[in-house]
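# A structural walkthrough
One-letter residues, chain by chain:
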Amino acid sequence: MPPVPHGRLDDSASRVPAGGSGFCFGADLAGRVLLAVVRLNRRMRSQGANRTVSGTLLSALDTLRRYGALTPSRLAECERIAPPTMTKIVAELEDAGLIYRRAHPTDRRRAVLRITESGAEMLAREATAKEHWLAKRLAALTPEDRATLAEAVTILDRLSGN
(Lines give C-alpha, C1' and ligand atoms only; values in the text may rest on other atoms or scores of the structure.)
Protein backbone atom coordinates (compact mmCIF):
# COMPACT_ATOMS: atom_id res chain seq x y z
CA MET A 1 0.00 0.00 0.00
CA PRO A 2 1.44 3.42 -0.89
CA PRO A 3 2.09 5.83 1.98
CA VAL A 4 -0.72 8.14 3.01
CA PRO A 5 -0.11 11.69 1.74
CA HIS A 6 1.07 14.08 4.46
CA GLY A 7 -1.81 15.64 6.35
CA ARG A 8 -4.40 12.97 5.49
CA LEU A 9 -5.66 10.51 8.01
CA ASP A 10 -5.72 6.87 7.07
CA ASP A 11 -8.63 5.08 8.72
CA SER A 12 -7.53 1.65 7.48
CA ALA A 13 -5.73 0.99 10.80
CA SER A 14 -9.03 1.22 12.67
CA ARG A 15 -10.99 -1.11 10.36
CA VAL A 16 -11.80 -4.56 11.68
CA PRO A 17 -10.53 -7.28 9.35
CA ALA A 18 -13.09 -9.83 8.19
CA GLY A 19 -13.54 -12.43 10.90
CA GLY A 20 -11.59 -10.28 13.36
CA SER A 21 -12.68 -9.59 16.92
CA GLY A 22 -11.94 -5.88 16.74
CA PHE A 23 -9.23 -3.29 16.65
CA CYS A 24 -6.10 -3.96 18.69
CA PHE A 25 -3.95 -0.84 18.89
CA GLY A 26 -0.88 -2.65 20.23
CA ALA A 27 -0.90 -5.27 17.50
CA ASP A 28 -1.50 -2.69 14.79
CA LEU A 29 1.31 -0.49 16.10
CA ALA A 30 3.61 -3.50 16.38
CA GLY A 31 2.91 -4.43 12.78
CA ARG A 32 3.46 -0.88 11.52
CA VAL A 33 6.73 -0.51 13.43
CA LEU A 34 7.90 -3.92 12.23
CA LEU A 35 7.19 -3.11 8.59
CA ALA A 36 8.78 0.34 8.82
CA VAL A 37 11.94 -1.12 10.37
CA VAL A 38 12.10 -3.93 7.80
CA ARG A 39 11.65 -1.51 4.91
CA LEU A 40 14.21 0.97 6.24
CA ASN A 41 16.65 -1.89 6.89
CA ARG A 42 16.20 -3.16 3.33
CA ARG A 43 16.89 0.32 1.92
CA MET A 44 19.91 0.78 4.21
CA ARG A 45 21.40 -2.56 3.16
CA SER A 46 21.21 -1.53 -0.48
CA GLN A 47 23.19 1.67 0.27
CA GLY A 48 26.33 0.02 1.59
CA ALA A 49 29.71 0.39 -0.03
CA ASN A 50 30.33 -3.38 0.15
CA ARG A 51 27.31 -5.37 -0.91
CA THR A 52 29.13 -8.70 -0.57
CA VAL A 53 29.07 -8.64 3.24
CA SER A 54 25.66 -9.31 4.82
CA GLY A 55 24.07 -7.25 7.55
CA THR A 56 24.54 -10.14 9.96
CA LEU A 57 28.28 -10.18 9.31
CA LEU A 58 28.49 -6.40 9.62
CA SER A 59 26.63 -6.51 12.93
CA ALA A 60 28.99 -9.12 14.37
CA LEU A 61 31.98 -7.15 13.11
CA ASP A 62 30.65 -3.95 14.66
CA THR A 63 30.12 -5.72 17.99
CA LEU A 64 33.79 -6.73 17.98
CA ARG A 65 34.74 -3.15 17.12
CA ARG A 66 32.66 -1.75 20.00
CA TYR A 67 33.51 -4.30 22.70
CA GLY A 68 36.99 -5.43 21.71
CA ALA A 69 38.15 -9.01 22.10
CA LEU A 70 35.32 -11.51 22.63
CA THR A 71 35.04 -15.27 22.64
CA PRO A 72 32.84 -16.70 19.90
CA SER A 73 30.24 -17.72 22.49
CA ARG A 74 30.13 -14.21 23.98
CA LEU A 75 29.84 -12.73 20.48
CA ALA A 76 26.90 -15.08 19.82
CA GLU A 77 25.25 -13.87 23.04
CA CYS A 78 25.77 -10.22 22.13
CA GLU A 79 24.30 -10.79 18.69
CA ARG A 80 21.51 -13.02 20.01
CA ILE A 81 22.52 -15.73 17.55
CA ALA A 82 22.83 -19.47 18.15
CA PRO A 83 26.45 -20.66 18.60
CA PRO A 84 26.41 -22.88 15.47
CA THR A 85 25.31 -19.90 13.38
CA MET A 86 28.02 -17.75 14.95
CA THR A 87 30.60 -20.42 14.05
CA LYS A 88 29.68 -19.91 10.37
CA ILE A 89 29.77 -16.11 10.73
CA VAL A 90 33.19 -16.21 12.41
CA ALA A 91 34.52 -18.46 9.63
CA GLU A 92 33.29 -16.06 6.94
CA LEU A 93 34.75 -13.04 8.73
CA GLU A 94 38.08 -14.82 9.22
CA ASP A 95 38.20 -15.98 5.58
CA ALA A 96 37.60 -12.39 4.48
CA GLY A 97 40.43 -11.16 6.72
CA LEU A 98 38.06 -8.97 8.75
CA ILE A 99 38.74 -10.63 12.12
CA TYR A 100 41.44 -12.84 13.60
CA ARG A 101 41.44 -15.50 16.27
CA ARG A 102 43.95 -15.88 19.10
CA ALA A 103 44.21 -18.28 22.00
CA HIS A 104 42.40 -17.17 25.16
CA PRO A 105 44.94 -15.74 27.66
CA THR A 106 43.84 -17.97 30.55
CA ASP A 107 42.23 -20.95 28.82
CA ARG A 108 44.12 -22.29 25.80
CA ARG A 109 41.11 -24.42 24.79
CA ARG A 110 39.14 -21.27 23.98
CA ALA A 111 39.67 -18.56 21.39
CA VAL A 112 39.36 -14.79 21.46
CA LEU A 113 38.24 -12.85 18.39
CA ARG A 114 39.40 -9.36 17.40
CA ILE A 115 38.64 -7.11 14.46
CA THR A 116 41.47 -6.51 11.99
CA GLU A 117 42.49 -3.13 10.61
CA SER A 118 40.86 -4.01 7.27
CA GLY A 119 37.70 -5.01 9.16
CA ALA A 120 37.59 -1.64 10.92
CA GLU A 121 38.20 0.18 7.63
CA MET A 122 35.42 -1.74 5.90
CA LEU A 123 33.01 -0.91 8.74
CA ALA A 124 33.91 2.77 8.45
CA ARG A 125 33.24 2.72 4.69
CA GLU A 126 29.89 1.00 5.23
CA ALA A 127 28.86 3.46 7.94
CA THR A 128 29.85 6.45 5.82
CA ALA A 129 27.87 5.29 2.78
CA LYS A 130 24.76 4.45 4.78
CA GLU A 131 24.91 7.51 7.01
CA HIS A 132 25.31 9.77 3.97
CA TRP A 133 22.24 8.20 2.34
CA LEU A 134 20.19 8.53 5.54
CA ALA A 135 21.41 12.06 6.32
CA LYS A 136 20.15 13.24 2.92
CA ARG A 137 16.71 11.83 3.68
CA LEU A 138 16.65 13.25 7.21
CA ALA A 139 17.55 16.70 5.87
CA ALA A 140 14.38 16.62 3.75
CA LEU A 141 12.20 16.21 6.86
CA THR A 142 10.67 19.10 8.75
CA PRO A 143 12.37 20.11 12.01
CA GLU A 144 9.31 18.79 13.85
CA ASP A 145 9.58 15.40 12.12
CA ARG A 146 13.30 15.21 12.94
CA ALA A 147 12.55 15.97 16.61
CA THR A 148 9.86 13.27 16.67
CA LEU A 149 12.22 10.82 15.04
CA ALA A 150 14.93 11.62 17.61
CA GLU A 151 12.47 10.72 20.38
CA ALA A 152 11.45 7.56 18.52
CA VAL A 153 15.08 6.44 18.23
CA THR A 154 15.41 6.53 22.02
CA ILE A 155 12.28 4.41 22.36
CA LEU A 156 13.38 1.98 19.65
CA ASP A 157 16.74 1.56 21.40
CA ARG A 158 14.90 0.67 24.61
CA LEU A 159 12.70 -1.81 22.73
CA SER A 160 15.74 -3.51 21.21
CA GLY A 161 17.44 -3.81 24.59
CA ASN A 162 20.29 -1.41 23.77
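In this text, all values refer to a predicted model and were calculated from it rather than measured experimentally.

### Description of unusual backbone geometry
Of note in this structure, Arg-80 is not a glycine but carries a positive phi near 55°. Here Arg-80 is to be found in the loop between α3 (72-79) and α4 (83-95).

### Some words on the confidence of the model for the chain
Across the chain, the average pLDDT comes to 83, with 80% of residues at 70 or higher. Within the chain, strand β2 (residues 111-115) carries the highest mean pLDDT (96), whereas helix α1 (residues 25-45) carries the lowest (83). Here residues 4-21 is modelled with pLDDT under 50, and outside its nearest four sequence neighbours on either side it reaches 9 contacts, counting other chains as well.

### Things to note about the pairing of β2
Here β2 lies mainly inside the structure; 4 of its 5 residues are buried. Here strand β1 (residues 99-103) runs beside β2; their pairing, made up of 5 bridges, is antiparallel. What sits directly across from Tyr-100, in β2, is Arg-114.

### Concerning α3
Of the positions making up α3, those classed as buried are Leu-75, Ala-76 and Glu-79. Along the axis of α3, the buried residues cluster in a sector spanning 100°; they form a single face. The inward-facing, buried residues of α3 contact α2 (55-67), α4 and β2. Looking at the residues trailing α3, positive phi occurs at Arg-80, about 55°.

### Points about the packing of α2 against α3
As a packed pair, α2 and α3 sit with axes 10 Å apart at the nearest point and diverge in direction by 115°. Relative to α3, the element α2 is oriented roughly perpendicular. Where α2 crosses over α3, the handedness of that crossing is right-handed. Residues Ser-59, Ala-60, Thr-63 and Leu-64 of α2 pack against Leu-75, Cys-78 and Glu-79 of α3. Of the residues assigned to the contact of α2 with α3, the class counts are 4 nonpolar, 2 polar and 1 charged.

Reading the values: rules and limits
- Residues numbered from 1 in each chain as written.
- Predicted model: local features only at pLDDT ≥ 70, side-chain atom pairs only at ≥ 80, totals over all residues.
- Heavy atoms only, no water.
- Helix = DSSP H or I, 4+ residues; strand = E, 2+ residues; numbered from the N terminus.
- pLDDT = per-residue confidence, 0-100.
- Contact = heavy atoms within 4.5 Å.
- Buried < 20%, exposed > 50% of the residue type's maximum accessible area, 1.4 Å probe, protein only.
- Pairing = 2+ DSSP bridges.
- Arc of directions from axis to C-beta.
- Axes fitted to C-alpha atoms, helices over the stretch in contact; angles between N-to-C directions.
- Parallel < 35°, antiparallel > 145°, perpendicular 65-115°, else oblique.
- Left-handed = near helix turned anticlockwise from the far one by under 90°.
- Nonpolar A, V, L, I, M, F, W, Y, C, P; charged D, E, K, R; others polar.

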